[in-house]
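These are the residues of each chain, in order.
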Amino acid sequence: MNITIQLLYLFSSVLFIIGIKMMNKTKDARAGNLLSSVGMLIAIIATLMQIEVISMVEIFICIIIGSLIGLYYAYKVEMTQIPEMVALFNGFGGLASVAVAISDYWLKSQITVANIDIIILVSIILSVFIGGITFTGSMVAFLKLNGRITGSPITFKGQHPLNLIMLISFILASVATWMNPSDINFMIILVLISLVLGILTVIPIGGADMPVVISLLNSYSGMAACTTGFILNNNVLIVAGALVGASGIILTQIMCKAMNRSLVNVLLGGFGQTVAGEQTEGPSIIVKEVGVEEAAMLFDGASSVIVVPGYGMAVAQAQHVIRELMEQCEKRNISFKFAIHPVAGRMPGHMNVLLAEANISYDKLIEMDEINNEFSNTDLVFIVGANDVVNPAAETNPQSPIFGMPILNAYKARTIIVSKRSMGKGYAGVENELFGYPNCLMLFGDAKQTIAKVVSEIKEL
Amino acid sequence: MNITIQLLYLFSSVLFIIGIKMMNKTKDARAGNLLSSVGMLIAIIATLMQIEVISMVEIFICIIIGSLIGLYYAYKVEMTQIPEMVALFNGFGGLASVAVAISDYWLKSQITVANIDIIILVSIILSVFIGGITFTGSMVAFLKLNGRITGSPITFKGQHPLNLIMLISFILASVATWMNPSDINFMIILVLISLVLGILTVIPIGGADMPVVISLLNSYSGMAACTTGFILNNNVLIVAGALVGASGIILTQIMCKAMNRSLVNVLLGGFGQTVAGEQTEGPSIIVKEVGVEEAAMLFDGASSVIVVPGYGMAVAQAQHVIRELMEQCEKRNISFKFAIHPVAGRMPGHMNVLLAEANISYDKLIEMDEINNEFSNTDLVFIVGANDVVNPAAETNPQSPIFGMPILNAYKARTIIVSKRSMGKGYAGVENELFGYPNCLMLFGDAKQTIAKVVSEIKEL
Amino acid sequence: MSIDSLIILIYVLVLASYLGFELIAKVPPTLHTPLMSGSNAISGITIVGALLACNELGYTTLSKWMGMIALILATINVVGGYAVTDRMLKMFKK
Amino acid sequence: MSIDSLIILIYVLVLASYLGFELIAKVPPTLHTPLMSGSNAISGITIVGALLACNELGYTTLSKWMGMIALILATINVVGGYAVTDRMLKMFKK
Ligand SMILES: NC(=O)c1ccc[n+]([C@@H]2O[C@H](COP(=O)([O-])OP(=O)(O)OC[C@H]3O[C@@H](n4cnc5c(N)ncnc54)[C@H](OP(=O)(O)O)[C@@H]3O)[C@@H](O)[C@H]2O)c1
Ligand SMILES: NC(=O)c1ccc[n+]([C@@H]2O[C@H](COP(=O)([O-])OP(=O)(O)OC[C@H]3O[C@@H](n4cnc5c(N)ncnc54)[C@H](OP(=O)(O)O)[C@@H]3O)[C@@H](O)[C@H]2O)c1
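Quick caveat: nothing in here was measured; it's all calculated off a predicted structure. (Residues numbered from 1 in each chain as written. Chains lettered and ligands numbered in written order. Predicted model: local features only at pLDDT ≥ 70, side-chain atom pairs only at ≥ 80, totals over all residues. Heavy atoms only, no water.)

So what's going on with the packing of aromatic side chains? Which residues, and what values?
In this structure the tally under the stated criterion is 10 aromatic pairs over all chains. On the basis of an interplanar angle of 90° and a centroid distance of 5.2 Å, the ring pair of F299 of chain A and F382 of chain A is categorised as edge-to-face. Placement of the pair is F299 of chain A in helix α12 (residues 292-301) and F382 of chain A in strand β5 (residues 380-384), with a sequence separation of 83 residues. For F299 of chain A, a relative accessible area of 1% puts it in the buried group. Taken together, a centroid distance of 6.4 Å and an interplanar angle of 75° make the contact between Y411 of chain B and Y437 of chain B edge-to-face. (Phe/Tyr/Trp six-rings, centres within 6.5 Å; stacked < 30°, edge-to-face > 60°. Helix = DSSP H or I, 4+ residues; strand = E, 2+ residues; numbered from the N terminus. Buried < 20%, exposed > 50% of the residue type's maximum accessible area, 1.4 Å probe, protein only.)

Quick look at the structure:
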């Protein structure tokens, strides 16, 4: 291969690394993403340099189609839909890996007469396996998050044995392909099994666990890129794939740790179910309600406010009206901060993105460990659509499924106002005693609408 | 090459990486060093597997000789002599690289008839260049630290032009070697020039700057290992060499930054000189002396003591007697800590090693940034053989050569006792006003002897 | 592929993975969502493979068709991924 | 050596250097002296080259003599370096 091309690939690998490194600091992150995209462009250019002129037209048509679709989705998507979006793109990436593997397989086994190399064949089979699972798994995750298929775990008897049988068949078909590489039937079987396996492994997982699954599938798509690198003997694919693989694994770990659950527990699925049974039994909690005017007066009377945002804020898209609330409070010299729990919302860093979208400076977003001993000195804590992340049961009730998960100590504040629509449960499906605490007041209603009313009341005060 | 051998090399590379990673934590560091040595052993075993049985005897003899010499030095050396030791070993490593390069050159140009590959030839020349400079440079550094040649910068007119001429001749000789690889005269010239260059670049640098130089030469020896890796097409050499190269560069940077000097400034040398002129001019400072008994009473009366160790503690080997002082104080419930400046002593982390040697727990050693605002609440600061690192001129006098270097704010304490032999200057050769401050008392004499006396006085109190 | 080439690709894999772990462990939680979508965009590097697969002459072969499908999908992943990450990061202001 | 092999060695070099910087930047100042002597020991990896150079048959060639000198020196560097680092680290106690 040409040396210029090789050096361009090397350069693009370095750009990916530097791009990821720059994600370490909020202020450099955007430049880092740009650098990484330049790395991609360079890798593409280096590849185009190896291509026959005759294919160029088709290639450009494909690239234009792909770019238009990608840009369309990227600009249309709501910030609350980022998880779905990542799932969808990730699925496409996985399918692309499968297609590349099949293309290479066809070339080596049908067109060229030469005997297919064992290392290449193994890479092709791995690529099909990982890519196929990534594709259908991501699609199921996408549909679950989207609500097009039910979010609750779909389990049936013999699910695990079935997976095992599929896996064994896959291995047998791999051996068959190895012994008779030119028989395409085995390759078809391999593709089908991996597609079905992707579906089977994701459907038993509850919709709310999807972020963990997506992050894991993201890691798989990185590994699929690595195997493609082995097929093509190309380093940039390996470097980039390894970076993605590592990032997915780390994010998965962080999420599991913050939820105090093991990855195995998430993957075996059925988390939403056991909890559903509990729903009826729980002791009913007696809560105090608060009206919009009274809430406005409480804000006006406080000297320090901490907002605890949660998934409900994302659902209600309440971040903009919270910014208005912040502006009103700051006009009155009330200190106003946000307490960010590591797994608030449905993706790691979910709240940060939404609040950033509403133009709230990232200085004001304080992480759990840092803010946890400030609650006791705070006049008013305003919980917006958060539930599990402030549930004291995580500290007090060893029976609770969330026991052991670190929480925000919102209960220590002088007064607490909770904005949510009803007594509905959160992600983990458990009761939250906090709502019955003497210092806790419920402000029922959709977060966006009620907070908007509170803001207009405050303005009139 | 055999796959087992290759996998062993890969394994040994990973062990080096994990070993370095474990150096991040004090408690894991020893295990990390062990792991890294296991990595080396595995690399050696993998290499021996490729060797003809006939050479084994000589190889074992060489290894035994080398091991005995290495172990002898390693167990004989005083902890204060670590810099010299590293310089010496480093020089040996550099010379080994040169020898390997020559051996390979001889083999390829004289024994085998085949045309010598350009990439290999470039690697050989680079290996000779870097290895040669590392060897003689390290030897000069060793001799300077040892006191066998003068520590003060040796400069002469035309030094820089001479270096330039040598460099150009080296390049010319390289081209000549390339055009006529079998002519060994050019190779001899290359070796000689690099040896001389090593001497020329290190002699103008002051003895006290040697740690920076050693760290830089250490980085070079890593790079030499990398070039050997390119000659032999061997990855483990490249990985290990790159790790060493990176470590040397980072330590060099840290030292330069902590001294507030640039690397260029260090390398151009002559730092000790300009300062030597100043020595006579400085305004004479009027100091108050304190006797051993009075010092003992001050310790007894204090409720908090911070010790600031410096290079003088290393010279006097006073760390053990300071431990005794600590034990006496702690018996009396006096809080006792150490303030560690990043460039106290003559090597990064020098003080930590010495105090560890005296069995002082590393919890008690507090870094500059952390302890700097504790001084104002401290009854007694005891400065043992430190000078520059507590010199307030670094903050107040823009003319001072150390201006801008961060210092330990010892001057803020209620009382200061300074143990040193005389009014001698420190490394940077500048006066220290602190010694004339009203709250500062001088305890003249060799640190070990005077502190021993103080301890016995305290025992009698 | 020779064993030598394989081993050296494994070196690259091991080093890059280790580096990835070191770098990503330091990303602050604030940036985890952009990191997720940004690294997802990087995984679209399969586009390189897709381009090479498109290089088949004549449409009769499955290889070329597969390559073109792969190319469209990988381009969506790459372009969409980077664009959405940029959109997100643009919002982070001090 | 082919350009391909060279490029891939450069990959290994670049990745390992970057990884080295990331790892070493995190070493606390307390451990800088042991780090210096420990990494000095690692630089004795030239011992691999020295061993291969010793493999020359017959003492008539300069190659073999050079290899043996290199082997002794590199062994000093390796064994001495690890031993002194271990001696130092043994002293760090809590
Ligand atoms: N962040 C991650 O990476 C991640 C990943 C996987 C899982 N999780 C899990 O997600 C959970 C996050 O906790 P969380 O406290 O943020 O959320 P949560 O526990 O899921 O609670 C969300 C609450 O928002 C309320 N809500 C829904 N729509 C609303 C609207 N329009 N207006 C006002 N309130 C509304 C709901 O109550 P009503 O129905 O009564 O309104 C619900 O109780 C944790 O259990 C975590 O383990 C997080
Ligand atoms: N740590 C590093 O990595 C490193 C590297 C390169 C350079 N440096 C430089 O080294 C300096 C370190 O500062 P420092 O404050 O530790 O030391 P210093 O400024 O060099 O001062 C050492 C003092 O110790 C005294 N002393 C010598 N022998 C003694 C003995 N036997 N008993 C008692 N006192 C004795 C000397 O005064 P008397 O002669 O009056 O006794 C001298 O003033 C800085 O300038 C730094 O930039 C450090």
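Now, about the site of ligand 2: what can you tell me, with residues and values included?
Residue and element names in this part refer to chain B. Taken together, 30 residues sit near ligand 2, with N387, D388, R421, S422 and D446 positioned nearest. N387 is positioned such that a nitrogen or oxygen atom in its backbone is 2.7 Å from an oxygen atom of ligand 2. Residue V389 places a main-chain N or O atom 3.4 Å away from an oxygen atom belonging to ligand 2. In isolation ligand 2 exposes 920 Å². Once the protein is present, 97% of that is buried. Only α9 (235-259), α13 (311-316) and β6 (415-420) provide two or more residues apiece to the shell around ligand 2. Looking at which element gives the most residues to the shell around ligand 2, the answer is α13, with four residues. The residue inventory of the shell around ligand 2, partitioned by class, reads 15 nonpolar, nine polar and six charged. Shared between two domains, the shell around ligand 2 holds at least three residues of each, these being domain 2 (80-277) and domain 3 (292-460). (Near = heavy atom within 4 Å. Polar contact = N/O pair within 3.5 Å; in protein donor to acceptor, adjacent residues only side chain to side chain. Areas by Shrake-Rupley, 256 points an atom, 1.4 Å probe, with all protein chains shown as cover. Nonpolar A, V, L, I, M, F, W, Y, C, P; charged D, E, K, R; others polar. Domains from an automatic or database assignment.)

Please give an account of the packing of α9 of chain B against helix α2 (residues 32-42) of chain D that cites residues and values.
At a minimum axis distance of 9 Å, the contact between α9 of chain B and α2 of chain D shows a crossing angle of 150°. Judged by the angle between their axes, α9 of chain B and α2 of chain D are roughly antiparallel. Crossing geometry of α9 of chain B relative to α2 of chain D is assigned as left-handed. For the pair formed by α9 of chain B and α2 of chain D, the contact residues are A240, V244, S247, L251 and I254 of chain B on the first element and H32, L35, M36, S39 and I42 of chain D on the second. When the residues that make up the contact of α9 of chain B with α2 of chain D are grouped by side-chain class, the tally is seven nonpolar, three polar and no charged. (Axes fitted to C-alpha atoms, helices over the stretch in contact; angles between N-to-C directions. Parallel < 35°, antiparallel > 145°, perpendicular 65-115°, else oblique. Left-handed = near helix turned anticlockwise from the far one by under 90°. Contact = heavy atoms within 4.5 Å.)

A description of the interface of chain A and chain C should follow, citing residues and the corresponding values.
At the interface, 101 residues of chain A touch 81 residues of chain C. Carbon and sulfur atoms make up 76% of the area that chain A and chain C hide from each other, which totals about 8,300 Å². By the criterion of area lost to chain C, the three top residues of chain A are M23, R30 and M40 of chain A, representing 8% of everything that side buries. Taken together, the links from chain A to chain C amount to 20 residue pairs in polar contact (both at pLDDT 80 or more). Elements that contribute at least two residues to the side of chain A that touches chain C include exactly α1 (3-22), α2 (26-48), α3 (56-76), α4 (82-111), α5 (118-146), α8 (210-232), α9 (235-258) and α15 (350-357) of chain A. Broken down by element, the residue count for the side of chain A that touches chain C peaks at 17 residues, all from α4 of chain A. (Buried area = accessible area lost by both parts, 1.4 Å probe.)

Keep in mind that these numbers describe shape and distance, not what the molecule does.
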